[in-house]
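Structural characterization, general
Listed here are the chains, written in short residue letters.
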Amino acid sequence: MFERLAKQAEILENTWVTHLLGLLPYDVAQLIGREPDEIANDYGEVKKILLKRYKLTPEKFRQKFFIHNKNLGSTWKIFAYELRSFFNEWVNGVEADSFEKLSNLIITDQIKRKVSQEIKDHFIDEWSKLNSSDDLVEKLDDYDTLRSTLRSKRPRKEWHYDKQDSLKDDSALTTNGNKKLYGITHNERGQPKCFNCSKFGHISKDCPVPKPLIT
């Protein structure tokens, strides 16, 4: 923001530090004032101090570049300038000073966008420093291989089929007196089922209920 305003006001770059110090908090200005003259009077060096002070790392600029939105009332020209500033700070911060390095940086970032949060958390200490696609994919492949190996070594639960237990848990079976049946022909007490009256305790030939006549 300061650089854009300074350029718009046509302030000479060799006087930027002087103008900037008047805008900074007192303690920050004092911090810069304690530096040697060759650093304190160099805008590029002062900028590095401020970025370090406010922890504006290349990763922060990368995030700003992708999530930044046009401010209400701002012009598209200003929005483009802000995006360009974030992009340049990101690229310069990781020293992508050639087309090959720049393309590698963008490809790496695209790969990172496809990675699950679980993997990002696994590499959290070095994630922002992985700016090489070769290094990144090597780590990701190693992680996938290790995870697959560990998964294959997990003991599998043995499964046994128990016909009686299966009938107990079969929801398709009806109940008699709110008790689950062991099967179609007997109840849990072992009493036979009558296929004439559908009650338990006797079979159809001994059923007291008259059988329907077949005509």
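Structural notes, computed from the coordinates. Computed from a predicted model, the values in this text were never measured in an experiment. Note that residues are indexed from 1 along each chain, following the sequence as it is written. Local features in this predicted model are restricted to residues whose pLDDT is 70 or higher, and side-chain atom pairs enter the listing and the counts only when it is 80 or higher, whereas totals over whole chains, interfaces and linings include all residues. For side-chain calculations, the full set of non-hydrogen atoms in the structure is used, while hydrogens and water are omitted.

1. Quick notes on the packing of aromatic side chains
Heads up, the condition is: Classification of ring pairs uses Phe, Tyr and Trp, with its six-membered ring standing for Trp, and accepts pairs whose centres are within 6.5 Å; under 30 degrees between planes counts as stacked, over 60 as edge-to-face, and the remaining range as tilted. Elements are defined by DSSP. Helices are runs of H or I of four residues or more, strands are runs of E of two residues or more, and each kind is numbered from the N terminus. Should the NZ of a Lys or the CZ of an Arg lie within 6 Å of a ring centre and within 35 degrees of the ring normal, that charge is described as sitting over the ring.
Counted according to the given criterion, the structure contains eight aromatic pairs. A centroid spacing of 5.1 Å and a plane angle of 75 degrees characterise the contact between F65 and F66, whose relative ring orientation is edge-to-face. For the ring pair F65 and F87, a centre distance of 5.3 Å and an interplane angle of 50 degrees mean the geometry is tilted. Residue F65 is found in helix α6 (residues 58-67), and its partner F87 is found in helix α7 (residues 76-93); the two are separated by 22 residues along the sequence. An aromatic cluster is built from F65, F66, F87 and W90, whose rings are joined through pairwise contacts. Between the NZ or CZ atom of K70 and the centre of the ring of W76, over which it lies, the distance is 5.1 Å.

2. Overview of the nonpolar core
Defined as follows: Buried residues of nine kinds, namely Ala, Val, Leu, Ile, Met, Phe, Trp, Tyr and Cys, make up a nonpolar core once their side-chain atoms join them within 4.5 Å. Burial classes: relative accessible area under 20% of the type maximum marks a residue as buried, over 50% as exposed, and values in between as partly exposed (1.4 Å probe, protein chains only).
The biggest cluster of nonpolar side chains holds twelve residues, and these are A6, W16, V17, L20, L24, V28, I32, A40, Y43, V46, I49 and L50. Within the residue set of this core, elements represented by two or more residues are α2 (16-21), α3 (26-33) and α5 (43-53). Here the element with the most residues in this core is α5; it accounts for four residues. Core analysis: the next-biggest nonpolar cluster, separate from the first, contains eight residues, L130, L136, L140 and Y143 among them.

3. Topic: a negative patch on the surface
Operational definition: Any residue with relative accessible area above 30% and no salt bridge may belong to a patch, with like charges joined within 9 Å and the nonpolar Val, Leu, Ile, Met, Phe, Trp and Tyr side chains within 5 Å. Values of accessible area rely on a 1.4 Å probe in the Shrake-Rupley scheme; residue burial ignores everything except the protein chains shown. When a carboxyl oxygen of Asp or Glu is within 4 Å of a side-chain nitrogen of Lys or Arg, the pair counts as a salt bridge. In this charge count, Lys and Arg are treated as positive and Asp and Glu as negative; neither His nor the chain ends contribute. Taken as the charge location is NZ of Lys, CZ of Arg, CG of Asp or CD of Glu.
Side chains of D134, D135, E138, D141 and D142 sit close together on the surface and give a patch of like negative charge. Along the polypeptide, D134 turns up in helix α10 (residues 133-152).

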